[in-house]
Amino acid sequence: MIIHLKKFILPLCKLNKLGKVQKQFIRCDSSESSPGILEQLKNKSILRVKGNEASSFLQGLITNDMKHFEEGAANLYALFLNVKGRVMYDVIIYRSQENNVYYIECDSQAVDSLQRHLKMYRVRKKIDIDHLGDNINVWAFFDPTRYMNNKYNDSNKQKLEGLIFPCGTLNNKVSKVVDNIMIYEDPRLPDLGIRILAESTIERQKIIRHLNLDALHSTNDFNYKTFRYKLGVPEGVEDLPPGKPLPLEVNCDYLHGVSFYKGCYIGQELTARTHHTGVVRKRLMPLLFSEIPNKSFSYDDKIINESGNIVGKFRGIENQYGLGLMRIIESLNAQSLTISDTKLRVSKPVWWPQELQKVSINKKE
């Protein structure tokens, strides 16, 4: 169920309920009301990894660096790769208030296989790996209004290569636990808002009360998946079929999900080699259809330009927004793009690093 919110404001007098809150969640002009959406992500499940060796165990399996938790991070985004360096699972790992306990959020379709994957590499480590089943629900709270009126114009058609930009990690140290409701910033992008883990017995009104927000019911016309696709952010097995994607092509570096400085982990070699080359020519990018297509598309369907050349491959669609694995320069320079005779547009995500253009210019000089 999705809830539109009349306000996206956390009054100063209420901040002590949530602890420290970053400024992107506070509007300076309190006279303005901004619609927000609180949505339960029913396609998400939680694994709990518990034990004295839990951190070092996960360190050898994920693309990100567990040492960020020692530096105060509340959560982090990461990928599990197979031995060939391809993405198996995308996850968000949360630090619990309990010592040596971490929650791993993943796609519900992949939770059993991820649990088996973890247990296979556990060997003799004293670690418990439990699927919490229906005990915890995952919620997302986000503000879509910033992008509702964005136009796909010529300013997006920049001649840029997909230079690798190791962003490290966001300053995502904000978290709070109130009445079995765990509130975190999304570790990938500030625009993705707040992630909430709550016991399944807790009703949405209680969550809204702790966020200090008024709420209205709404339809699914603009939901979390639509918002992700508009931003160009992949998530789950539908967007990232296990064993197929490459981590840098799905923007893992731009989403603060990979460390190029940590020790070895499974699948590191291919990612490290790509990093050393300095360029990724294909990346996931947001697609926009002029209207909701009346036909369905399949994963890997070809996206072609006006000359009939293949410049991308289809990945997913929700309402008028989609994802495609695109050749960056060719797709941004195309005069027109089609998939199965259906017209579409592509844009460079606004959250891609601004330094990208500067580095490209410097290379030419």
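Residues numbered from 1 in each chain as written. Predicted model: local features only at pLDDT ≥ 70, side-chain atom pairs only at ≥ 80, totals over all residues. Heavy atoms only, no water.

- If you look the chain up in an unreviewed UniProt entry, it shows as Transferase CAF17 homolog, mitochondrial from Bombus impatiens.
- Turning to the chain, the UniProt record has this under Subcellular location (unreviewed entry): "Mitochondrion". (UniProt positions renumbered as here; feature names shortened; annotations may be inferred.)

## Quick look at the pairing of strand β5 (residues 87-95)
Right, so step 1: The element β5 is largely enclosed, with a buried count of 8 among its 9 residues.
Right, so step 2: Between strand β4 (residues 75-81) and the antiparallel strand that follows it, β5, lie 5 residues; glycine 85 among them carries a positive phi value of about 85 degrees.
Right, so step 3: Here β5 runs beside strand β6 (residues 101-107); their pairing, made up of 4 bridges, is antiparallel. Bridged to isoleucine 92 within β6 is glutamate 105. (Buried < 20%, exposed > 50% of the residue type's maximum accessible area, 1.4 Å probe, protein only. Helix = DSSP H or I, 4+ residues; strand = E, 2+ residues; numbered from the N terminus. Pairing = 2+ DSSP bridges.)

## With respect to the sheet that holds strand β13 (residues 282-289)
Right, so step 1: The 6 strands lie next to each other as β13-β16-β15-β14-β17-β18, forming a closed barrel whose pairing is antiparallel. Across the sheet, the mean angle from the axis of one strand to that of its neighbour is 40 degrees, orientation sign disregarded.
Right, so step 2: Across 3 bridges, strand β17 (residues 337-339) lies against strand β18 (residues 342-346) in antiparallel orientation. By the bridge assignment, threonine 338 is partnered in β18 with lysine 343. (Axes fitted to C-alpha atoms, helices over the stretch in contact; angles between N-to-C directions.)

## Structural notes on the pattern of salt bridges
Right, so step 1: In this structure the tally under the stated criterion is 14 salt bridges.
Right, so step 2: A salt bridge links glutamate 235 to arginine 188; its shortest N-O distance comes to 2.7 Å. Taken as a pair, glutamate 235 in the loop between α7 (224-231) and α8 (236-239) and arginine 188 in the loop between β10 (181-185) and β11 (194-199) lie far apart in primary sequence, 47 residues in all. Considered together, glutamate 235 and arginine 188 belong to a single accessibility category, that of buried residues. (Salt bridge = Lys/Arg side-chain N within 4 Å of Asp/Glu carboxyl O.)

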